[in-house]
Amino acid sequence: MKSEPSAFSIEDLKKAENQTTSWDGVRNYQARNFMRDKMRVGDGVLFYHSSANPSGIAAGCSIVREAYPDHTAWDPENIHYDPKSLPEHPIWYMVDVKLIKTCREIISLEKLRKTHGLKNMMVLKKGSRLSVQPVTPDEWKIIMNLPEWE
DNA sequence: GCCAACGTTGGC
DNA sequence: GCCAACGTTGGC
């Protein structure tokens with residue numbers, strides 16, 4: 001799951017209550033479908049800093065609540081307001097994510113590109129903009145064995 | 001349903 | 001700030 005650290009960073013997650021946050025603001029159907037159809041309580045999540053210096057994986061998290069309507073879509077004051085989504089017919093969903101472990105050092109995009117076995121990882125593909133992307137069990141295993149974790 | 005125009009993402 | 005690679009919108 002990608003976030004620009006200027007909007008929400010690993011430091012923000014560390015400070016959050018129960019080190020848990022609702023992943024609101026997703027306004028892309030494919031990303032929504034991943035959250036709604038694939039993410040289950042206990043699933044692992046890689047917290048990725050995008051448009052950062054460097055961009056890369058900042059933490060490992062876990063799903064603690066499955067998809068439920070994203071109420072920020074109903075708030076005209078909210079930057080993610082979407083008048084097409086109504087409380088009686090929600091379009092957008094969010095999940096709750098809890099911090100499990102942090103990286104001593106960001107696992108940078110460059111490092112991911114150099115790591116054997118990750119060649120096909122979606123986030124490494126050109127033009128891969130989706131803010132919620134699947135990670136295969138093999139990719140997960142390789143990443144969890146990198147030395148950057150605490 | 002097609003597709004041009006437009007908006008967004010995100011690495012660089 | 002640039003711009004490639006998308007996704008969305010809306011006229012037809």
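J.: Any details on the layout of surface pockets? Residues and values, ideally.
T.: Of the volumes computed, that of the largest pocket is approximately 590 Å³. Taken together, 18 residues make up the lining of the largest pocket; nearest its centre are Lys2, Ser3, Trp23, Gly25 and Ser131. Elements with a contribution of two residues or more to the lining of the largest pocket: strand 1 (2-3) and strand 2 (20-22). Considering only enclosed or pocket space, the second largest pocket measures out at about 430 Å³ in volume. The wall of the second largest pocket is formed by 23 residues, among which Gly44, Leu46, Gln133, Pro134 and Val135 lie closest to the centre. Partitioned by chemical class, the residues of the lining of the second largest pocket number 16 nonpolar, 4 polar and 3 charged.

J.: So what about the sheet that holds strand 2? Which residues, and what values?
T.: Reading across the sheet, the 5 strands line up as 1-3-4-5-2 and stay open at both edges, with mixed pairing between neighbours. Two strands bound the open sheet, and with one partner strand each, they are strand 1 and strand 2. When strand 3 (residues 44-49) meets strand 4 (residues 56-69), the two strands line up antiparallel, connected through 6 bridges. Looking at strand 4, one finds that tyrosine 48 is bridged to isoleucine 57. Along the sheet, helix 2 (residues 29-38) makes contact with strand 4 and strand 5 (93-108), crossing strand 5 at roughly 100°. Sitting on the sheet, helix 4 (residues 137-144) touches strand 3, strand 4 and strand 5, and the angle it makes with strand 3 is about 65°.

J.: Got a sec to walk through the protein's contact with DNA strand C? Specific residues and values, please.
T.: The environment of DNA strand C is made up of Asn28, Tyr29, Gln30, Lys84, Lys126, Gly127 and Arg129. Across the atoms of DNA strand C situated within 4 Å of the protein, the share located in sugar and phosphate is 76%. Here glutamine 30 contributes a side-chain N or O atom positioned 3.3 Å from a phosphate oxygen of DNA strand C. A distance of 2.7 Å separates a phosphate oxygen of DNA strand C from a polar atom in the side chain of lysine 126. Here the residues of the surface near DNA strand C are counted per class, giving 1 nonpolar, 3 polar and 3 charged.

J.: Kindly report on the protein's contact with DNA strand B, identifying the contributing residues and their values.
T.: Taken together, Lys2, Tyr48, Ser50, Ser51, Ser55, Leu109, Arg113 and Arg129 form the complete shell of residues around DNA strand B. Counting only the atoms of DNA strand B within 4 Å of the protein, the fraction contributed by sugar and phosphate is 74%. Side-chain polar atom of serine 55 to a phosphate oxygen of DNA strand B: 2.9 Å apart, as the coordinates give it. One of the side-chain nitrogen or oxygen atoms of arginine 129 is found 2.6 Å away from a base oxygen of DNA strand B. For the surface near DNA strand B, a count of residues per class yields 2 nonpolar, 3 polar and 3 charged.

The rules we used
- Residues numbered from 1 in each chain as written.
- Chains lettered and ligands numbered in written order.
- Predicted model: local features only at pLDDT ≥ 70, side-chain atom pairs only at ≥ 80, totals over all residues.
- Heavy atoms only, no water.
- 1 Å grid on protein atoms, 1.4 Å probe; cavity = no way out; pocket = protein on both sides within 12 Å on 5 of 7 lines; lining within 4 Å.
- Points joined across faces, edges and corners; volume = space filled by probe spheres on them.
- Helix = DSSP H or I, 4+ residues; strand = E, 2+ residues; numbered from the N terminus.
- Nonpolar A, V, L, I, M, F, W, Y, C, P; charged D, E, K, R; others polar.
- Pairing = 2+ DSSP bridges.
- Contact = heavy atoms within 4.5 Å.
- Axes fitted to C-alpha atoms, helices over the stretch in contact; angles between N-to-C directions.
- Near = heavy atom within 4 Å.
- Polar contact = N/O pair within 3.5 Å; in protein donor to acceptor, adjacent residues only side chain to side chain.

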